[in-house]
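Working through the structure, step by step
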Amino acid sequence: MQGFGLHHISVRNLNLHFKFINRSLAFLLILTFTGCHFWEDHQNRKMGSDCREVVAKTETQLVDLEGDVLDDPAIWIHPSNRALSQILATNKKAGLHVYDLEGNEIQFLPAGRLNNVDVRYGFPFTTGTKDIAAASNRSFNSISVFAVDPISGKWKDVSARTIASRLEEVYGLCMYRSMRSGKFYVLVNSKLGQVEQWELFCSSDSLVDAQLVRQFSLNGQIEGCVADDETGYLYIAEERFGIWKYYAEPVSPDRRLVADTSKMLSPQIEGLALYKSRSGKGYLIASLQQKNRFALFERQGVNRYAGCFSIVGSGNIDAVANTDGIELSELSLGSLFPNGLLAVHDGMNSDNGRNTHQNLKYVDWSEIAGKFNPPLIIDTLFDYRRLAYPTADGGCR
């Protein structure tokens, strides 16, 4: 794993040295430590005229409930036929939706008030490996774990117990699989800025349990997060301040600021997603909820700003607004999405100008990539399902 080098900064030391300094001055000092090029690059590239407009290719069925219901999508890649891949989406009032690539709902799990969801592949049970998803469950202030049957494509809850968080109320969630150890982790956070990291393990032939291995805090409300298994980095969106870059391994909470809301983003950052390529390059994508836009940063290096886009209406599909969660797959997903897929929550869905229930929008990645000059990377051969992870210790405990 690469270190932060000259851009490295210890949160613990920062708190000791600047205990009585207000937040705005502390932020200026952070920028000084992280290097002048960061400040100059982002100062000179505020979002505005560089925003491209793209259109969605399709959308999911509407949810049955009114109001702010959907939140966060996750994409599961089918092991043998990518055209059968699925999109999971949390229902903040009722459970977990499962959609196919045409937007049809094919399963619903009444699992409680789920807020965020993420997927990882090849979790080791004693009887073999299965793909799993984890979700933050606000009904029980817990982490729910699901596994999918690769033949039927059906999901079921495989939580060994109520994996109760110590947070005041769980909120955002993302998963991480270590390239060092092969271990699986869930990171869950709260509106108060608290973060917990849980290690998942198999407790029987078919159930998953977890143990708490790390805790740390940010100053403000957080939700969106995403972990890069290959590089070992974790990105967390502090909604009204900026995007932070941490180590994803359960060690030091040292961090670096990637982007700040005051200079180039928006008053509120929501979902985060990654586009990865075999070259080690790619993009970090952030949902800017109050601007109805999506910002791109380089995956590599210091994560320089790379531009932005919005999803406008076209034909029978309306524009995307007030987005919470987003998710992205680089892989070719059959004939519908041969160049990859971006799935986004549409918080203000409409039909012929009339407000209606929420849904997800699906955007072909080539639609986004082609609007930039030079075009963004398209690499459909980066298969995270087949990364060379080490074998996790042990089997079931």
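It should be noted that the structure appears before, not after, this text.
**Details of unusual backbone geometry**
- Across the junction of N373 and P374, the peptide omega takes the value 0°, indicating a cis bond.
- Looking at the secondary structure, you find P374 in the segment after α5 (365-369).
- Positive phi is not limited to glycine here, since N292 has a value of about 55°.
- With respect to the helices and strands, the residue N292 is situated in the loop between β21 (282-288) and β22 (293-298).
- Judged by relative accessible area, N292 falls into the partly exposed class, the value being 32%.
- Located in the positive-phi region is N322, a residue other than glycine, with phi close to 55°.
- One can find N322 in the loop between β23 (305-312) and β24 (326-329).

**Considering the pairing of strand β14 (residues 194-202)**
- In terms of residue burial, β14 counts as a mostly covered element, since 8 of its 9 residues are buried.
- Taken together, the 6 bridges between strand β13 (residues 184-189) and β14 define a ladder with antiparallel strand orientation. What sits directly across from V188, in β14, is E196.
- With antiparallel pairing between neighbouring strands as the criterion, β13 and β14 make up a hairpin whose turn holds 4 residues, including G193 at a positive phi of roughly 90°.
- The pairing of β14 with strand β15 (residues 208-217) spans 9 bridges and is classified as antiparallel. From the neighbouring strand, E196 faces β15, where its bridge partner is Q215.
- Following β14, the chain reverses through 5 residues before pairing antiparallel with β15.

**A short note on the state of the cysteines**
- Under the defined criterion, the tally for this structure stands at 2 disulfides.
- In this model C51 forms its disulfide with C308; the gap between the sulfur atoms is 1.6 Å. Because the sign of the S-S torsion sets the handedness, a value of about -135° for the bond joining C51 and C308 places this disulfide among the left-handed ones. In this pair, C51 sits in strand β1 (residues 51-55) while C308 sits in strand β23, placing the two residues 257 residues apart along the sequence. The two residues C51 and C308 agree in class, both being buried.
- Paired through a disulfide, C174 and C225 show a sulfur-sulfur distance of 2.4 Å. For the disulfide bridge between C174 and C225, the dihedral angle about the S-S bond is near -120°, and by the sign convention the bridge is left-handed. With C174 in strand β12 (residues 173-177) and C225 in strand β16 (residues 222-228), this pair connects stretches of sequence that are 51 residues apart.
- When its relative accessible area of 1% is taken as the criterion, C174 is described as buried.

**Topic: the environment of V208**
- With respect to the secondary-structure elements, V208 resides in strand β15.
- Spatially, the C-alpha atom of V208 lies 9.4 Å from that of D157, the residues being 51 residues apart in sequence.
- Setting aside residues no more than four positions away along its own chain, V208 makes contact with F123, F125, V145, V158, S159, A160, I163, L200, F201 and S203.

Analysis parameters
Residues numbered from 1 in each chain as written. Predicted model: local features only at pLDDT ≥ 70, side-chain atom pairs only at ≥ 80, totals over all residues. Heavy atoms only, no water. Helix = DSSP H or I, 4+ residues; strand = E, 2+ residues; numbered from the N terminus. Buried < 20%, exposed > 50% of the residue type's maximum accessible area, 1.4 Å probe, protein only. Pairing = 2+ DSSP bridges. Disulfide = S-S within 2.5 Å. Contact = heavy atoms within 4.5 Å.

Nothing here speaks to function; it is geometry throughout.
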